Every structure is written in structure tokens, then in C-alpha cells.
Amino acid sequence: PASVAWSRQGPNPPFDYNDGVMHISGLRMTSFEDLPEEMQALIETEFPIYRAAPENMEEVERLEEVERLESTVVNGNSRT
């Protein structure tokens, strides 16, 4: 499966602004069911939009529009 590695050296907001090194590594899972149960539960309850990958660019555009509309409401007040 595909994998990724990323590192960054410099200030570490939002933790603090002292210099440090951050490392991230990951790999592509072939199905939602391959994720650990704890991660599946978190996605189901907190981030359901990430349950499955978009089918095509039309779905990507639809999800971006939904996200844009949802982000216009902050603390129950519409941002204009």
C-alpha cells in the first residue's frame, strides 16, 4: 500500500512557538474496516464525512460546497 512520511523543523504552533521537529508517517488502508476499532468509532461519531473516499470530482465539489456552507455558521450566528 501507499505510504507517506513528513517532517518539519521550526516553531510548533499551536503547542508552543519554540523550535522543534515534528514527524508524521502513515499508510493507505484499503478499506474502512482495516482501521483499528477505536479509529473507526471516532470517525463514525466525530468525522463521518471521512467514512469513505469521494466517488468522483462531482462528489468532491458537492462536499466542498457543504463544508463552505457549514463554515459560514459560527456559534449559531451566520458570518457575512
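Refer to the structure printed above.
The sections below set out a description of the structure shown in this document. This one's a predicted model, so the numbers in the text were calculated from it and none came from an experiment. (Residues numbered from 1 in each chain as written. Predicted model: local features only at pLDDT ≥ 70, side-chain atom pairs only at ≥ 80, totals over all residues. Heavy atoms only, no water.)

For the rest of this paragraph, the subject is the environment of Arg8. Note on placement: Arg8 falls in strand E1 (residues 3–12). Overall, Arg8 belongs to the partly exposed group, its relative accessible area being 31%. C-alpha separation for the pair Arg8 and Gly20, spaced 12 residues apart in sequence, amounts to 8.1 Å. Discounting chain neighbours no more than four positions away, the residues touching Arg8 are Gly20, Val21 and Met22. For Arg8, the side chain forms a polar contact with the main-chain oxygen of Pro11, separated by 2.3 Å. (Helix = DSSP H or I, 4+ residues; strand = E, 2+ residues; numbered from the N terminus. Buried < 20%, exposed > 50% of the residue type's maximum accessible area, 1.4 Å probe, protein only. Contact = heavy atoms within 4.5 Å. Polar contact = N/O pair within 3.5 Å; in protein donor to acceptor, adjacent residues only side chain to side chain.)

Between its terminal C-alpha atoms helix H2 (residues 57–70) stretches 20 Å, which fits the 20 Å expected from 14 residues at 1.5 Å a residue. Taking the backbone nitrogen of Glu58 as reference, a side-chain oxygen 3.2 Å away marks Asn56 as the first, capping residue of H2. (Expected span 1.5 Å × (residues − 1).)

Honestly, that's just the spatial picture; any functional story needs more than this.
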